[in-house]
Amino acid sequence: MAYDSILDAIGNTPLVRLNHFSPRPGVSVYVKLEGYNPTGSVKDRIALFMIRAAEEAGELQPGQTVLEPTSGNTGISLAMVCRMKGYPLLCVLPDNVTPEREALLRAFGADVVYAENATSTNDAVFKAQQMVRDEPGRYFMPYQYGNENNPRAHYETTGPEILRDVPEVSVFVAGLGTGGTLTGVGRYLKDNLSDVKVIAAVPHPGDLVQGLRALEEGFIPPVLDESVLDGRIVVDSVSSFHMTKELMQKEAIFAGISSGAVLKVAVRIAERLESGHVVALLADGGWKYLSTELWSRDYDETPEETQGTIWW
Ligand SMILES: Cc1ncc(COP(=O)(O)O)c(C=O)c1O
């Protein structure tokens, strides 16, 4: 397949059946490898949808700068899309960003500013909102937490790809960050299948699993539609690390830390099923997490059990 641009290479990521995580013969666990997108994460999908929709609506015009508060994957994805489309990108970063991430943003041509004394994404959001207010018309802020084109990207691309590849999917599992993946894929699957279930993997409040957020910390992203969820399972960060390493050891799949949390939940769900197919979305590859050395650590043989509620 020859693409006309790197933007056409977004999506259509591989779906792989895991051979060492299924609890019994009639139950399969599949993983969708979003690390195979051009910048290495699921966020390429929403970056393209948010920018394209803003252009079509006239909210983003040549000469304007795209401004986004982000320390993570979304910034890198926006940097690729903006580079291709010719918009300057300015990312507002919290103080604790790793040098690799800043270097990658700059490699794509993005500029960065630090939100002073900001340790969380929330502080970076306030700073970016202030910048938009201070200079009306200069910036366009996609704001992934409140932009309907975030779940729409998953409704129109990720969801159909999953149904095409596993037509009888019984349960879909993904991490909860903005909620865009769970909302968009969940809605699509529920619109097309009668009894599919959708389960969120979430961290403990205060326990960092990069890319995921605990709703108890007080911010419910506007794009999250909680009515599509059939359960929310909490996974601690050590278990997420452990499972990410186990995925490498047993299946030779190199994925990021939130993938370990998602896989842990997928396996717990699979254990409840007599038969069926569980599909887990792994948001990114392992490259950005090498400095954690999670793959060379030893882990306790009995990691903490998952907690949470399954409402079916
Ligand atoms: C590594 C990683 N995993 C999971 C997620 C969660 O995805 P979503 O924002 O669609 O809920 C994100 C994004 O926030 C992420 O960067």
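For clarity, every value in this text was computed on a predicted model and none was experimentally measured.

1. As for the sheet that holds strand E6 (residues 139-140)
Logical step 1: The strand order across the open sheet formed by four strands is E5-E4-E3-E6, and the pairing between neighbours is parallel. Only two strands of the sheet have a single neighbouring strand rather than two, namely strand E5 (111-114) and E6.
Logical step 2: Relative to strand E4 (residues 89-93), strand E3 (residues 65-69) is paired through four bridges, and the arrangement is parallel. Counterpart to Leu67 in the pairing with E4 is Leu90.

2. Examining the environment of Leu33
Logical step 1: With respect to the element layout, Leu33 can be found in strand E2 (residues 27-33).
Logical step 2: Overall, the relative accessible area of 8% leaves Leu33 in the buried class.
Logical step 3: Apart from the residues lying within four places of it in its own chain, the contact partners of Leu33 are Thr13, Pro14, Val16, Ile253 and Leu282.

3. Details of the environment of Lys250
Logical step 1: Residue placement: Lys250 occurs in helix H7 (residues 237-251).
Logical step 2: For Lys250, a relative accessible area of 38% puts it in the partly exposed group.
Logical step 3: It is 33 Å that separates the C-alpha atoms of Lys250 and Met80, two residues lying 170 residues apart in sequence.

4. What to know about the domain arrangement of the protein
Logical step 1: Per the domain assignment, the segments making up the protein are domain 1 (6-37 + 151-310) and domain 2 (43-140).
Logical step 2: The C-alpha centroid of domain 2 is placed 26 Å from the C-alpha centroid of domain 1.
Logical step 3: Domain 1 puts 22 residues into the contact, and the matching count from domain 2 is 15 residues.
Logical step 4: Across the domain 1 to domain 2 interface the summed buried area is about 1600 Å²; carbon plus sulfur atoms make up 60%.
Logical step 5: The three residues of domain 1 that bury the most area against domain 2 are Leu7, Ile10 and Lys288, which together make up 35% of that side's buried surface.
Logical step 6: For the pair domain 1 and domain 2, the number of links is two salt bridges.
Logical step 7: The residue Arg45 makes a salt bridge to Glu161 at a minimum N-O spacing of 3.0 Å.
Logical step 8: Counting across the domain 1 and domain 2 interface gives seven residue pairs in polar contact (both at pLDDT 80 or more).
Logical step 9: Per element, the largest residue contribution to the side of domain 1 that touches domain 2 is seven residues, and it comes from helix H5 (residues 149-165).
Logical step 10: Tallied by class, the residues present in the side of domain 1 that touches domain 2 amount to five nonpolar, nine polar and eight charged.

5. Digging into the packing of aromatic side chains
Each aromatic ring pair is characterised by the separation of its centres together with the angle its planes make.
Logical step 1: A full pass over the atoms with the stated rule returns five aromatic pairs.
Logical step 2: With centroids separated by 4.9 Å and ring planes inclined at 50°, the aromatic side chains of Phe254 and Trp295 adopt a geometry described as tilted. Remark: Trp295 occurs in the loop between strand E10 (276-282) and strand E11 (307-310) and Phe254 occurs in the loop between H7 and helix H8 (257-272); sequence separation between them is 41 residues.
Logical step 3: A relative accessible area of 25% places Phe254 in the partly exposed class.
Logical step 4: Residue class for Trp295 comes out buried when judged on its relative accessible area of 17%.
Logical step 5: If you follow Arg52 out to its NZ or CZ, it ends over the ring of Phe49, 4.9 Å from the centre.
Logical step 6: Between the NZ or CZ atom of Lys250 and the centre of the ring of Phe21, over which it lies, the distance is 5.2 Å.

6. A few points about the site of the ligand
Logical step 1: With respect to spatial proximity, 16 residues lie near the ligand, and among them Lys43, Gly177, Thr178, Thr181 and Ser258 are the closest.
Logical step 2: Asn73 places a polar side-chain atom, nitrogen or oxygen, 3.0 Å from an oxygen atom of the ligand.
Logical step 3: Within the side chain of Ser258, a nitrogen or oxygen atom sits 2.8 Å from a nitrogen atom of the ligand.
Logical step 4: Here the ligand loses 94% of its free accessible area of 380 Å² to cover by the protein chains.
Logical step 5: Considering only residue class, the shell around the ligand consists of four nonpolar, ten polar and two charged.

7. Regarding the pattern of salt bridges
Note on pairing: side chains with opposite charge can pair once their charged atoms come close.
Logical step 1: All told, the structure shown has 15 salt bridges when counted by the stated rule.
Logical step 2: The partner of Arg232 in a salt bridge is Glu216, and the shortest N-O contact between them spans 3.4 Å. Here Arg232 is found in strand E9 (residues 231-234), whereas its partner Glu216 is found in the loop between strand E8 (197-202) and E9, with 16 residues between them in sequence.
Logical step 3: Several salt bridges share partner residues, and in doing so they unite Lys32, Glu34, Arg45 and Glu161 into one network.

8. Some points on the packing of H7 against H8
Logical step 1: Look at H7 against H8: their axes get within 7 Å of each other, and the N-to-C directions meet at 85°. In terms of orientation, H7 and H8 fall into the roughly perpendicular class. Seen from H7, the contacting residues are Ser239, Ser240, Phe241, Met243, Thr244 and Leu247; seen from H8, they are Ile257, Ser259, Gly260, Ala261, Leu263, Lys264 and Val267.
Logical step 2: Within the contact of H7 with H8, the residues separate by chemical class into seven nonpolar, five polar and one charged.

Reading the values: rules and limits
- Residues numbered from 1 in each chain as written.
- Predicted model: local features only at pLDDT ≥ 70, side-chain atom pairs only at ≥ 80, totals over all residues.
- Heavy atoms only, no water.
- Pairing = 2+ DSSP bridges.
- Helix = DSSP H or I, 4+ residues; strand = E, 2+ residues; numbered from the N terminus.
- Buried < 20%, exposed > 50% of the residue type's maximum accessible area, 1.4 Å probe, protein only.
- Contact = heavy atoms within 4.5 Å.
- Domains from an automatic or database assignment.
- Buried area = accessible area lost by both parts, 1.4 Å probe.
- Salt bridge = Lys/Arg side-chain N within 4 Å of Asp/Glu carboxyl O.
- Polar contact = N/O pair within 3.5 Å; in protein donor to acceptor, adjacent residues only side chain to side chain.
- Nonpolar A, V, L, I, M, F, W, Y, C, P; charged D, E, K, R; others polar.
- Phe/Tyr/Trp six-rings, centres within 6.5 Å; stacked < 30°, edge-to-face > 60°.
- Lys NZ or Arg CZ within 6 Å of the ring centre and 35° of its normal.
- Near = heavy atom within 4 Å.
- Areas by Shrake-Rupley, 256 points an atom, 1.4 Å probe, with all protein chains shown as cover.
- Axes fitted to C-alpha atoms, helices over the stretch in contact; angles between N-to-C directions.
- Parallel < 35°, antiparallel > 145°, perpendicular 65-115°, else oblique.

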